Amino acid sequence: MHTRGRLTLLITALLLTTPTLSAQELADYNYWSAFQLDSIDRELAGQIGANNRGVTDRIIDYEHYFAAVAHLEPGPGFSESHADWSDLYVIFFGNASMVLGGTIPNPTETTPGEVRGATIEGGTVQRIAEGDIVQVPAGTPHPVIVGPGEQITYFIFKVRGS
């Protein structure tokens, strides 16, 4: 099945199984064609500069879930962990690595329940590429690491636990 087909099925399943959606959230309608997603990717890639290695466009934003398209290229990144949010990555262009688990040395709490750090120690390295889907449970440290000559674009769906 094509990546965007998997994405559609995955989002549908998540929305149907997320019990905390309000009537207003269910009443809203959003649609992005493959062409629009490709345009978002090109626009994000054009924003990469000397001061950043990645940019995102939050395309869905509600109290209990949000989603964004992210484009990353090589450069310094960060590790993160979310106490209350699970992440679901759907890769639709490029490749990189993720480290899942481990610990974040010298963590900084950026907002309540959100921790970031410069690196990660331990964990499992997972290569990710177009068509892959990665689910990261709340509380699991993880960075996306883009090596030299790589770039990656993914859809990230974040769901707050109840």
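Everything below is about the structure shown above.
Quick look at the structure, then. Everything numeric in this text was worked out from a predicted model, so none of it was measured.

Of note, the phi angle at Asn106 is positive, near 50°, even though the residue is not glycine. Note on placement: Asn106 falls in the loop between β4 (85-100) and β5 (108-111). For Asn106, a relative accessible area of 71% puts it in the exposed group.

Our next topic: the sheet that holds strand β3 (residues 79-82). A sheet is described by the order of its strands in space; here three strands give the open sequence β3-β6-β5, paired in antiparallel fashion. Of all strands in the sheet, those with a lone pairing partner are β3 and β5, marking the two edges. Taken pair by pair, the neighbouring strands of this sheet meet at an average axis angle of 30°, ignoring direction.

Let us look at the nonpolar core. In this structure, Ile40, Ile59, Ile60, Tyr65, Val69, Phe155 and Phe157 are the most contacted members of the largest nonpolar core, which totals 16 residues. Of all the secondary structure elements, the ones that give two or more residues to this core are α3 (34-46), β1 (54-61), β2 (65-72), β4 and β10 (152-160). In this structure, Ala70, Ile91, Val134 and Tyr154 belong to the second largest nonpolar core, which totals 15 residues.

You can see Asp41 is positioned in helix α3. Although Asp41 lies buried, it forms no salt bridge, and the closest oppositely charged side chain, Arg42, sits 6.8 Å away as judged by the N-O distance. Those residues in contact with Asp41, other than ones at most four positions away along the chain, are His71, Phe93 and Thr153.

On to the packing of aromatic side chains, then. Ring pairs (aromatic) are described by centroid distance and by the angle formed between their planes. Scanning all chains against the criterion turns up four aromatic pairs. Relative to Tyr154, the ring of Tyr89 lies with its centre 5.0 Å away and its plane at 55°, an arrangement referred to as tilted. On the criterion of sequence distance, the pair formed by Tyr89 in strand β4 and Tyr154 in strand β10 is long-range, its members being 65 residues apart. Tyr89 gets classed as buried once you look at its relative accessible area, which sits at 1%.

On to the pattern of salt bridges. All told, the structure shown has four salt bridges when counted by the stated rule. A salt bridge links Arg58 to Asp61; the shortest N-O distance between them is 3.3 Å. A salt bridge links Arg116 to Glu80; the nearest nitrogen and oxygen atoms lie 3.7 Å apart. Of this pair, Arg116 sits in strand β6 (residues 114-117) while Glu80 sits in strand β3, and the two are 36 residues apart along the sequence. Arg116 sits in the partly exposed class, given a relative accessible area of 37%.

Cut-offs and rules
Residues numbered from 1 in each chain as written. Predicted model: local features only at pLDDT ≥ 70, side-chain atom pairs only at ≥ 80, totals over all residues. Heavy atoms only, no water. Helix = DSSP H or I, 4+ residues; strand = E, 2+ residues; numbered from the N terminus. Buried < 20%, exposed > 50% of the residue type's maximum accessible area, 1.4 Å probe, protein only. Pairing = 2+ DSSP bridges. Axes fitted to C-alpha atoms, helices over the stretch in contact; angles between N-to-C directions. Core = buried A, V, L, I, M, F, W, Y, C linked by side-chain atoms within 4.5 Å. Lys, Arg positive; Asp, Glu negative; His and termini not counted. Salt bridge = Lys/Arg side-chain N within 4 Å of Asp/Glu carboxyl O. Contact = heavy atoms within 4.5 Å. Phe/Tyr/Trp six-rings, centres within 6.5 Å; stacked < 30°, edge-to-face > 60°.

All quantities given are derived from atomic positions and should not be read as evidence of function.
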